[in-house]
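Observations on chain architecture
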Amino acid sequence: MKEIENPPHASSLLESMRSIGYSLESALADLIDNSISAKAKQIKIEFRPYDDDPYIAVVDNGIGMSRETLANAMRHGSTNPLQIRDIDDLGRYGLGLKTSSLSQCRRMTVISLMKNGSLAAFCWDLDVILTKKAWVMLELEENEIFKMPHVADLQAWGTGTIVHWQQLDRLAAGESSLESAMGEQMDIARNHLALVFHRFISSEHGRSRISISINNLALPSIDPFLSDHTATQHLDEDSFKVEGHKVVVKPFILPHASKLSQSEVDQAGGNLGLRSLQGFYIYRNRRLIIWGTWFRLARKDELSKLARIRVDIPNTLDHLWTLDVKKSAAFPPEIVRANLRRTIERIRHVSGRTIVFRGRNIEKGDVMPGWHEVLNRDGVRFDINRDHPIIKSFYRTLIKNQQHSFDSVLNAIESTFPSEALYSRMASDVRATPNEENIENRLRDMAKSLFSLSGMDKEFRANFLASLHLIEPFNKNLEITRKIVKEIESNEE
Ligand SMILES: Nc1ncnc2c1ncn2[C@@H]1O[C@H](COP(=O)(O)OP(=O)(O)O)[C@@H](O)[C@H]1O
Ligand SMILES: [Mg+2]
């Protein structure tokens with residue numbers, strides 16, 4: 001047999017690789033991976049939709065590249081994926097820099113400065129490749145480099161790299177104005193990157209934090225586990241070995257939605273995301289790659305809706321996870337699935353319980369609820385809390401057969417509770433709004449009747465007043481409750 005070399009046509013290969021499926025935010029994430037691997041501590045993303053030559057640039061203060069390294073890095077398939085990577089390396093296929101950039105723009109320039117003063121810049125321009133019909137790369141002269149924006153940042157830092165995108169045809173496609181399209185995309189990118197890199201942006205112990213900004217506005221760290229929230233449950237970390245490499249699993253149970261402020265709900269993914277983003281959060285070298293999925297090992301249901309499980313995998317196991325080029329898809333191998341299944345069993349138990357027992361064991365300082373949520377195998381049901389002071393004290397004043405009718409009334413209310421309607425309301429984006437009309441008078445009436453019914457001794461009454469703010473619905477109207485308590489106290493004297 002004869003060997004014949006049959007290389008691809010540069011232009012047609014590059015044009016089709018543009019459609020590999022990068023979004024703007026996943027393309028930017030790939031550049032940030034590179035910056036982090038190059039030990040950058042500061043990464044600036046610059047959007048300039050309004051100049052006469054609109055561009056996006058990612059500027060970092062990493063170690064930079066020599067002219068030779070940069071020339072090689074510009075080559076498609078610069079690193080063999082079979083090569084063993086540094087333990088902290090976020091790279092994979094030797095493609096990210098080029099494919100992510102050219103998926104968004106037709107002209108990419110990379111400028112790099114090293115500590116020893118070496119400054120180099122190369123450019124891929126799809127139109128040059130098209131005319132030359134060859135893998136022709138451009139090298140910038142020194143005076144051309146200094147005309148590029150943000151080079152002053154590199155000089156101020158003394159080292160670093162700029163990836164500069166021009167001719168943003170993909171962003172402009174189908175949009176009447178690049179400026180407004182870019183504004184919208186920028187917001188999406190902001191949220192995406194703040195989540196994907198949240199463990200780099202916040203200070204995880206033993207590591208210095210990395211600052212990422214978009215147009216000089218620092219990205220916040222979006223922690224999907226709300227791990228600083230006092231009501232978040234941190235379950236014990238678990239780990240197992242795959243081919244000698246450690247995979248670490250840590251489950252979190254988010255607080256019940258009623259304990260979250262709107263901004264916390266937003267951080268956890270918004271009203272809809274709160275339920276739909278349950279599942280595994282897979283981190284490769286602490287960079288989030290996939291999230292909000294149970295990998296078909298479990299259903300997304302009520303019992304597990306508050307559960308989010310952090311899974312840390314090293315880059316040494318890439319071959320098992322079928323990680324894609326964009327690092328946005330991966331599927332766990334059988335041995336990992338078996339271990340994750342075990343974790344699911346463990347947490348479904350706990351996550352279910354936070355809902356079932358919410359309000360069951362009333363301890364000092366806990367709120368006395370008006371209703372109980374009761375979870376069972378088939379679903380959820382709402383029961384009126386018979387121990388609620390208003391119900392209980394009223395019940396005591398009744399004679400036997402009135403008590404019986406009162407039970408029937410409560411039963412009727414419970415069995416007609418519109419839980420289906422409520423459920424579908426909540427699943428759509430509607431928030432529950434309590435009836436605020438005349439709230440002060442209604443609370444005062446409630447408090448007074450509670451008091452007149454209670455027939456307690458003086459000390460008991462004082463205690464009772466002191467804990468009124470822990471009884472629903474008083475706990476939701478603290479200001480008014482305080483006022484009512486004062487009124488009653490002054491009447492007592
Ligand atoms: N911002 C950067 N700073 C320093 N080196 C970089 C930077 N971006 C890319 N490189 C170098 O270019 C190479 C190719 O990058 P890329 O195409 O993303 O592939 P991969 O990240 O899979 O190696 C990297 O391995 C790295 O050596
Ligand atoms: Mg890369």
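Let me sum up the structure you'll find in this document. (Residues numbered from 1 in each chain as written. Chains lettered and ligands numbered in written order. Predicted model: local features only at pLDDT ≥ 70, side-chain atom pairs only at ≥ 80, totals over all residues. Heavy atoms only, no water.)

**Re the sheet that holds strand 2 (residues 55-60)**
A sheet is described by the order of its strands in space; here eight strands give the open sequence 5-4-3-6-2-1-7-8, paired in mixed fashion. Strands with a single pairing partner mark the edges of an open sheet, and in this sheet they are strand 5 (138-139) and strand 8 (217-218). The sheet contact formed by strand 1 (residues 42-48) and strand 7 (residues 211-214) spans four bridges and is parallel. The residue bridging glutamine 42 from the neighbouring strand is serine 211, located in strand 7. Where helix 2 (residues 24-37) meets the sheet, it contacts strand 1, strand 2, strand 6 (160-166) and strand 7, and its direction lies at approximately 150° from that of strand 1. (Pairing = 2+ DSSP bridges. Helix = DSSP H or I, 4+ residues; strand = E, 2+ residues; numbered from the N terminus. Contact = heavy atoms within 4.5 Å. Axes fitted to C-alpha atoms, helices over the stretch in contact; angles between N-to-C directions.)

**Structural notes on a nonpolar patch on the surface**
Residues Trp371, Val409 and Ile413 make up a contiguous nonpolar surface patch of roughly 250 Å² in combined accessible area. Inspection of the secondary structure puts valine 409 in helix 16 (residues 400-415). A relative accessible area of 44% places valine 409 in the partly exposed class. (Patch = residues over 30% accessible without salt bridge, like charges linked within 9 Å, V, L, I, M, F, W, Y side chains within 5 Å. Areas by Shrake-Rupley, 256 points an atom, 1.4 Å probe, with all protein chains shown as cover. Salt bridge = Lys/Arg side-chain N within 4 Å of Asp/Glu carboxyl O. Buried < 20%, exposed > 50% of the residue type's maximum accessible area, 1.4 Å probe, protein only.)

**A few points about the site of ligand 1**
Around ligand 1 sit 18 residues in total, of which Asn34, Asp60, Arg92, Gly94 and Lys98 are the nearest. Within the contact set of ligand 1, an oxygen atom lies 3.3 Å away from a backbone nitrogen or oxygen of glycine 96. Taking threonine 161, its side chain carries an N or O atom lying 3.4 Å from a nitrogen atom of ligand 1. Relative to its free-state accessible area of 530 Å², ligand 1 is covered by the protein chains to the extent of 86%. At the level of elements, helix 2 and helix 4 (96-104) are the ones that each hand at least two residues to the shell around ligand 1. No other element matches the three residues that helix 4 contributes to the shell around ligand 1. A breakdown of the residues in the shell around ligand 1 according to their chemical character gives six nonpolar, eight polar and four charged. (Near = heavy atom within 4 Å. Polar contact = N/O pair within 3.5 Å; in protein donor to acceptor, adjacent residues only side chain to side chain. Nonpolar A, V, L, I, M, F, W, Y, C, P; charged D, E, K, R; others polar.)

**Digging into the state of the cysteines**
Inspection of the entire model under this criterion finds zero disulfides. With no disulfide of its own, cysteine 105 has cysteine 123 as its nearest cysteine by sulfur position, at a separation of 8.9 Å. Among the residues examined, cysteine 123 registers a relative accessible area of 1% and is labelled buried. (Disulfide = S-S within 2.5 Å.)

**Some words on the nonpolar core**
One recurring pattern in soluble globular proteins: nonpolar side chains tend to sit buried together. Ranked by size, the top nonpolar core spans 47 residues in total, and within it Leu28, Ile45, Ile56, Met108, Trp165, Phe197 and Ile212 carry the most contacts. Here this core gets seven residues from one element, more than from any other, and that element is helix 2. Every residue in contact with phenylalanine 197, bar those within four places of it in the chain, is listed here: Ala29, Ile32, Asp33, Ile36, Ile212 and Arg287. Counting 32 residues, the second largest nonpolar core, distinct from the first, contains Ala268, Leu297, Ala307 and Ile347. (Core = buried A, V, L, I, M, F, W, Y, C linked by side-chain atoms within 4.5 Å.)

**Side note on unusual backbone geometry**
Of note, the bond from glutamate 472 into proline 473 is cis; its omega dihedral lies within 30 degrees of zero at 0°. Relative to the helices and strands, proline 473 is located in the loop between helix 19 (458-466) and helix 20 (478-492). Of note, asparagine 215 is a non-glycine position whose phi angle comes to about 45°, a positive value. By the secondary structure assignment, asparagine 215 is in the loop between strand 7 and strand 8. Phi angles above zero are rare outside glycine, and asparagine 438 is one such case at about 60°. Its location among the elements puts asparagine 438 in the loop between helix 17 (419-427) and helix 18 (439-454).

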